[in-house]
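Structure assessment
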Amino acid sequence: MNQNTFDKGREIRAAVLGEAYVAKAMANADDFSGPLQDLVTEYCWGAVWGREGLPPKTRSMLNLAMLAVLNRPNELKTHVKGALTNGVTREEIREILLQVAIYGGVPAAVDSFRVARAAFDEIEQGPGES
């Protein structure tokens, strides 16, 4: 593992998803899942999100579309919240998911709208109430 890339990734991950989310993910890691947390932190967040080529808002928008098409509701909910942190508006999220309907399929968009609504509701309820 490249410690500098890992540290950069942890910093970016916490900035997008929140320190509490990252701390919980790392604390819940065990011998089985720990290597995955390390991989995600170093490569996804450090090596890719840490690149200069795209701003975080654009990366969030891309993630939303890909996760919706891949039908990954847990990750989609997490990244809807992160996208809001990165300046993506609810209106932009709606437009991304409408685009998903055309290029990824209406069922993927229908489910993704449900997931996004649940993420919005959790944010409105505040911490500890979801």
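Computed from a predicted structure; not experimentally measured.

With that settled, consider the overall build of the protein. Secondary structure summary: the protein contains seven helices and zero strands in total. Across the protein, helices and strands are ordered from the amino to the carboxyl terminus as α-α-α-α-α-α-α. Overall size of the protein, expressed as C-alpha extent along the three principal axes, is 40 × 35 × 25 Å. Every one of the 130 residues in the protein was classed for burial, and the buried ones make up 35%. A separation threshold of at least 6 residues defines the contact pool for the protein, and within that pool the share at least 24 residues apart is 62%.

Taken together, the side chains of Leu54, Leu62, Met66 and Leu70 present a nonpolar region at the surface, about 360 Å² in accessible area. Among the structural elements, Leu62 can be located in helix H4 (residues 56-69). A relative accessible area of 42% means that Leu62 is categorised as partly exposed.

On to the UniProt feature "domain: Carboxymuconolactone decarboxylase-like" (unreviewed entry) in the protein. Per the UniProt entry, the sites bearing "domain: Carboxymuconolactone decarboxylase-like" (unreviewed entry) are residues 36-117 in this numbering. For residues 36-117, the helix share is 80%, the strand share is 0%, and the end-to-end C-alpha distance is 28 Å.

Summarising the element assignment, Val48 is placed in helix H3 (residues 34-48). Note on Val48: relative accessible area 43%, which makes it partly exposed. Between the C-alpha atoms of Val48 and Gly9, which are 39 residues apart in sequence, the distance is 8.7 Å. The contact partners of Val48, leaving out residues within four places of it in the chain, are Tyr43 and Arg59.

For the rest of this paragraph, the subject is the packing of helix H5 (residues 73-85) against helix H7 (residues 106-125). Working note: a packed helix pair is described by the angle between its axes plus the distance between those axes. Remark: H5 packs on H7, axes separated minimally by 9 Å, with the N-to-C direction vectors making an angle of 55°. Taken together, the axis directions place H5 and H7 in an arrangement best described as oblique. Every pair of crossing elements has a handedness; the one defined by H5 and H7 is right-handed. In this structure, H5 uses Pro73, Leu76, Lys77, Val80, Lys81 and Leu84 to contact H7, whose residues at the interface are Ser112, Val115, Ala116, Ala118, Ala119, Phe120, Glu122 and Ile123. By residue class, the composition of the contact of H5 with H7 is ten nonpolar, one polar and three charged.

In this structure, Leu64, Leu76, Val80, Ile93 and Ala116 are the most contacted members of the largest nonpolar core, which totals 18 residues. Those elements giving two or more residues to this core turn out to be H4, H5, helix H6 (90-103) and H7. With six residues, the single largest contributor to this core is H7. Residues contacting Ile93, with those up to four places away along its chain left out, are Leu64, Val80, Leu84, Val88, Ala116 and Phe120. Counting residues in each nonpolar core, the second largest holds five residues, with Ile12, Val16, Trp45 and Trp49 among its members.

Parameters and conventions
- Residues numbered from 1 in each chain as written.
- Predicted model: local features only at pLDDT ≥ 70, side-chain atom pairs only at ≥ 80, totals over all residues.
- Heavy atoms only, no water.
- Helix = DSSP H or I, 4+ residues; strand = E, 2+ residues; numbered from the N terminus.
- Buried < 20%, exposed > 50% of the residue type's maximum accessible area, 1.4 Å probe, protein only.
- Contact = heavy atoms within 4.5 Å.
- Patch = residues over 30% accessible without salt bridge, like charges linked within 9 Å, V, L, I, M, F, W, Y side chains within 5 Å.
- Areas by Shrake-Rupley, 256 points an atom, 1.4 Å probe, with all protein chains shown as cover.
- Salt bridge = Lys/Arg side-chain N within 4 Å of Asp/Glu carboxyl O.
- UniProt positions renumbered as here; feature names shortened; annotations may be inferred.
- Axes fitted to C-alpha atoms, helices over the stretch in contact; angles between N-to-C directions.
- Parallel < 35°, antiparallel > 145°, perpendicular 65-115°, else oblique.
- Left-handed = near helix turned anticlockwise from the far one by under 90°.
- Nonpolar A, V, L, I, M, F, W, Y, C, P; charged D, E, K, R; others polar.
- Core = buried A, V, L, I, M, F, W, Y, C linked by side-chain atoms within 4.5 Å.

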